[in-house]
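Tertiary structure, described
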Amino acid sequence: MSTNTPTLKSLSAQLAAGECSSVELAQEYINKINKLNEVLGCFVTVEPELTLAQAKAADEQRRAGQAGVLTGVPFAHKDIFCARGWRTTCGSRMLENFISPYDAHVVERCRDAGLVMLGKTNMDEFAMGSSNETSYFGKVRNPWDLERVPGGSSGGSAAAVAARLAPAATGTDTGGSIRQPAALTGICGLKPTYGLVSRYGMIAFASSLDQAGPMAHTAEDLGLLMNVMAGFDARDSTSLERPAEDYLRHLGEGVQGLRIGLPKEFFAEGLSADVARSIEAAVAEYRRLGATVVDISLPNMALSVPVYYVLAPAEASSNLSRYDGVRYGHRAAEYRDLAEMYRRSRAEGFGAEVKRRILIGTYVLSHGYYDAYYIRAQKLRRLIARDFVEAFRECDVIMGPTAPGTAFRFGEKSGDPVQMYLSDIYTIAVNLAGLPGMSIPCGFDTQGLPVGLQIIGNYFDEARMLGVAHAFQQATDWHGRVPAGAAA
Amino acid sequence: MSLTLDDVQRAADLARIEIGEAEALVTLDQLTRVFAMIEQMQAVDVSGIEPMAHAQDLVLRLRPDAVTEADQRGAFQAVAPETEAGLYLVPKVIE
């Protein structure tokens, strides 16, 4: 790893060795953000005073001999996590001035670990998007090519990490929103098994699919953040009670004898030749490291996009019904009665993509269509999940491309919503099944744009996946490459 | 199946979102494309398959019926558009 890529690990070591204080470190990052954020658009909200106060508290903890591994290390939160006293917008006009009165579980855990919050990162509105073009607060630019998207919906977090404006960030993934932007910006991102990370205080999009996860430069850093983020929370009814685990425990074990499944459906029509080439090279590297490759099939995978675009909008239409201008969020200035207040507040507060998905969801849940669309999609979901269960009899992990192409230009996929939705073709099935999935950088296309390798594991197999990724990162240096648009 | 402008308007009514004619037309075109893609679902035989609500087939956790939360109304209402005496104010519904 070049010294141009500070990691949670390296910064932790610097702080422990007394090479710098948390306040100095935070100030350094604040300066970098001030320089680059206007161009890149990664951050929606920065509050230097609040950040420096956190850093000061961290320095005091260290002086008192109470510093933990991540005390005083700076990072960023996707603006989907409620943070007390901070503006939390979810990329939407609906929450433009919403100052959260409480902390999300993930925010509490990171704070208790001593991490210092640099700000709230930009995102597609209400997490609906694959390019960070739907944010009310403007687009995010890919540090590798400023005329291209960073991916989405966690585009701000991905670009911030890629541009070295934060060593790591939190993201959320409902249909690929951690993995796809990680792939398009050349960083690592992990979506954990559904239920491992509490969704309390994480603004809901599609409750049976949403999951928070870490985004960083290395598998090791993903593990460090997972150790902070994961864990039971009684306030999330879907949070799983499991014994605590150390997500770093399989790092360094190598991949001798690992069976890697390659689904033929991941290498069919629609995959760019450049991406295919990088993935094949990555798999070849794994063979060199001692793994074996097994051909597998996920026969119902093609259905995952239509299934998702029934289920996710349906759940979104329900979740977003809370935005009515009554208790929080945008309220229209002019209305004649309550009904008009609702209709205007929501028409004004939501952007076009969000409205589109609410309408789709409303339709598929409505009388006469519920069985044909929603229930049918839930049945197909079970078929898709079963395919993975079958596949994991033959292999230990599944690999393939994260996205069908590399970072595309602004506006390129905005004309036809279906074109944008197809960016998620390899990631969506993982959310439908509730499995863990990650993306790590594995090469570049002929235009110098990053390519991501997707690693999908069986339920609760995150630690092994991180070990598998770590082995690749010991042998290669894709994850250490720095974009031209990065902070100096 | 083909959507009509009426379908769009009906969904907008159910979703309590005001949508003008011009916007409805654009939305109709986009939704038609999305529903054409969703139609692929109809080709598959799903007889005998149980719907899957989410990954882990969890049973909803229960807890004792005891008060555990503190009153935070002040904090939560600080972000509301209009309140009075602890109530949220909205336009009159009943004449």
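**Remarks on the overall build of chain A**
Across its full length, chain A holds 15 helices and 11 strands. Relative to the 2.2 N^0.38 estimate, which gives 23 Å for 488 residues, the radius of gyration of chain A is 21 Å and therefore close to what a compact globule would have. Here the C-alpha coordinates of chain A stretch approximately 65 × 55 × 45 Å along the principal axes. Within chain A, buried positions represent 61% of all 488 residues. Relative to all contacts within chain A whose residues are 6 or more apart in sequence, the contacts with residues 24 or more apart total 77%.

**Here's the deal with the overall build of chain B**
Helix and strand counts for chain B stand at three helices and two strands. When the elements of chain B are put in sequence order from the N terminus, they spell out α-α-α-β-β. In terms of C-alpha radius of gyration, chain B reaches 22 Å, well past the compact-globule figure of 12 Å for 95 residues. Expressed along its principal axes, the backbone C-alpha trace of chain B runs to roughly 55 × 40 × 25 Å. Looking at chain B as a whole, 18% of its 95 residues are labelled buried.

**Let's talk about helix α11 (residues 352-365) of chain A**
The terminal C-alpha atoms of α11 of chain A, which comprises 14 residues, lie 20 Å apart, in line with the 20 Å expected from a rise of 1.5 Å per residue. When we look at burial in α11 of chain A, the residues that qualify are Val354, Lys355, Arg357, Ile358, Leu359, Ile360, Gly361, Thr362, Tyr363 and Val364 of chain A. Among the structural elements, α9 (304-319) and α12 (370-394) of chain A together with α1 (5-14) and α2 (21-38) of chain B are those in contact with the buried residues of α11 of chain A.

**Examining the interface of chain A and chain B**
Between chain A and chain B, the residue contacts involve 53 residues of the former and 42 residues of the latter. Of all elements in the fold, only α9, α10 (338-349), α11, α12 and α13 (417-421) of chain A reach the threshold of two or more residues within the side of chain A that touches chain B. It is α12 of chain A that contributes the most residues to the side of chain A that touches chain B, 10 residues altogether. Here the side of chain A that touches chain B is composed, by residue class, of 30 nonpolar, 10 polar and 13 charged.

**Topic: the environment of Gly252 of chain A**
Mapped onto the elements of the fold, Gly252 of chain A is located in the loop between α7 (219-229) and β7 (259-263). Along the sequence, Gly252 of chain A and Ala471 of chain A sit 219 residues apart, while their C-alpha atoms lie 6.7 Å from each other.

**Describing the domain arrangement of chain A**
The parts lose accessible area when they come together, and the size of an interface is often stated as this lost area. All names here are of chain A. Per the domain assignment, the segments making up chain A are domain 1 (8-258 + 461-480) and domain 2 (303-378). With centres defined by C-alpha atoms, the gap from domain 1 to domain 2 works out at 28 Å. Contact residues are listed per partner, giving 20 residues for domain 1 and 17 residues for domain 2. A per-class count over the side of domain 1 that touches domain 2 returns 10 nonpolar, seven polar and three charged.

**A closer look at helix α4 (residues 105-112) of chain A**
Residue and element names in this part refer to chain A. All buried positions along α4 are accounted for by His105, Val106, Val107, Arg109 and Cys110. In the core, the buried residues of α4 are packed alongside β2 (74-78), β4 (168-173), β6 (211-216) and α7. Downstream of α4 by one or two residues, Gly114 has phi in the positive range, about 90°.

**A word on the pairing of strand β3 (residues 116-121) of chain A**
Residue and element names in this part refer to chain A. Most of β3 sits out of view: six of its six residues are buried. Examined bridge by bridge, strand β1 (residues 43-45) and β3 share two bridges and lie antiparallel to one another. Bridging from a neighbouring strand, Thr45 pairs with Lys120 of β3. For β2 and β3, the ladder comprises four bridges, and the chain directions are parallel. Looking across to β3, one finds that Lys78 is bridged to Thr121. Crossover connection from β2 via α4 to parallel β3: handedness right-handed.

**Comments concerning the pairing of β2 of chain A**
Across the five residues that make up β2 of chain A, a large majority, five, are buried. Residue alternation in β2 of chain A divides its side chains into two sets, Pro74, Ala76 and Lys78 of chain A and Phe75 and His77 of chain A, and both sets are buried.

**Observations regarding unusual backbone geometry**
Residue and element names in this part refer to chain A. With an omega of 10°, the peptide bond between Gly152 and Ser153 qualifies as cis. Inspection of the secondary structure assignment puts Ser153 in the loop between β3 and α5 (155-162). Positioned with a positive phi, Ala127 is a non-glycine residue whose angle comes to about 65°. Positionally, Ala127 belongs in the loop between β3 and α5.

**Notes on the packing of α11 of chain A against α1 of chain B**
Remark: α11 of chain A packs on α1 of chain B, axes separated minimally by 9 Å, with the N-to-C direction vectors making an angle of 95°. The angle between the axes of α11 of chain A and α1 of chain B places the two elements in the roughly perpendicular class. Contacts from Leu359, Thr362 and Tyr363 of chain A of α11 of chain A reach α1 of chain B at Asp7, Val8, Ala11, Ala12 and Leu14 of chain B. A class-by-class count of the residues in the contact of α11 of chain A with α1 of chain B yields six nonpolar, one polar and one charged.

**Here's the deal with the confidence of the model for chain B**
When pLDDT is averaged across chain B, the result is 91; 98% of the residues are at 70 or more. The complex prediction reports pTM at 0.97, with the ipTM value standing at 0.94.

What counts as what
Residues numbered from 1 in each chain as written. Chains lettered and ligands numbered in written order. Predicted model: local features only at pLDDT ≥ 70, side-chain atom pairs only at ≥ 80, totals over all residues. Helix = DSSP H or I, 4+ residues; strand = E, 2+ residues; numbered from the N terminus. Rg over C-alpha atoms; globule rule 2.2 N^0.38 Å. Buried ≥ 20, exposed ≤ 12 C-beta atoms within 10 Å, placed from the backbone. Contact = placed C-beta atoms within 7 Å. Expected span 1.5 Å × (residues − 1). Nonpolar A, V, L, I, M, F, W, Y, C, P; charged D, E, K, R; others polar. Domains from an automatic or database assignment. Pairing = 2+ DSSP bridges. Right-handed = clockwise from strand over helix to strand, strands pointing away. Axes fitted to C-alpha atoms, helices over the stretch in contact; angles between N-to-C directions. Parallel < 35°, antiparallel > 145°, perpendicular 65-115°, else oblique. pLDDT = per-residue confidence, 0-100.

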